[in-house]
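Spelled out, the chains give:
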Amino acid sequence: MVRLKNRWLLFEIVFEDTLQRSTSTKNVETLSSKDVYSAIKDSIKTNFGDYGVGCVAASLNVKYFSPFTNIGVLRVSRDHYHIAWGAMTFISQIKTKNCLLRVLYLGATIKQCQLSAIDYDRDQILLLKRQAELHDDAESLDVDELLEQSKSQILAIE
């Protein structure tokens, strides 16, 4: 039996209006992991053609994506992770929103990727809390609940 070896990419989506974005999500269209997966797969097809899609099609999967902190975890085969990483750098918009994808961590095990994601997620949620306090909008953001929810979702990745 052959063991399939994967690489795990922790990535962040940085939107054009990140600095002006408010902490409330009213009237804001949020992204899902399906939207991110579609954008990455389309970018692979555009930039690497049928060869690229064929190489990563069996292993490419967005295992986690948080619309609050805009971070996600992508699984791809070890031999072809560079194709996925390259395609991610060429993405300039997702669902008509201008953005860029930044890879924060590349790991061989899901456990190390989870630990990096939890640390980064915690930092981003605390940053959201500080921004909410500056805009007198602290009531709408329950930080402890978001931290626990984020941690449990990340640890549930298999």
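The paragraphs below set out a description of the structure included in this document. Numbers given for residues are sequential positions, taken from 1 along each chain in its written order. For this predicted model, a pLDDT threshold of at least 70 governs which residues receive local features, and a threshold of 80 or more governs which side-chain atom pairs are given and counted, while totals over whole chains, interfaces and linings are taken from all residues. Hydrogens and water molecules were not included; the side-chain quantities draw on all heavy atoms of the structure.

## Let's talk about unusual backbone geometry
Inclusion rule: Helix numbering and strand numbering both begin at the N terminus, where a helix is a DSSP run of H or I of at least 4 residues and a strand a DSSP run of E of at least 2. Buried means the residue's accessible area, taken with a 1.4 Å probe over protein chains only, is under 20% of the maximum for its type, while exposed means over 50%, and partly exposed covers the values in between.
For Asn 70, which is not a glycine, the phi torsion comes out positive at approximately 60°. By the secondary structure assignment, Asn 70 is in the loop between β2 (61-66) and β3 (71-77). Residue Asn 70 is classed as buried on the basis of its relative accessible area, which comes to 6%. Positive phi is not limited to glycine here, since Thr 96 has a value of about 65°. Relative to the helices and strands, Thr 96 is located in the loop between β4 (93-94) and β5 (97-107). Judged by relative accessible area, Thr 96 falls into the exposed class, the value being 69%.

## With respect to the nonpolar core
Applicable threshold: For this analysis, a nonpolar core means a set of buried residues of the types Ala, Val, Leu, Ile, Met, Phe, Trp, Tyr and Cys, connected via side-chain atoms within 4.5 Å. For this analysis, residues touch if any pair of their heavy atoms sits within 4.5 Å.
One finds Ile 13, Ile 40, Leu 74 and Leu 101 to be the most contacted residues of the largest nonpolar core, which totals 26 residues. Of all the elements in the fold, those that place two or more residues in this core are β1 (6-15), α1 (33-56), β2, β3, α2 (81-89) and β5. The biggest single contributor to this core is α1, with seven residues. In contact with Leu 101, other than residues within four places in its own chain, are Phe 11, Glu 12, Ile 13, Ile 40, Met 88, Ile 91 and Ile 94. Residues Tyr 64, Val 73, Ala 117 and Tyr 120 belong to the second largest nonpolar core, which totals 11 residues.

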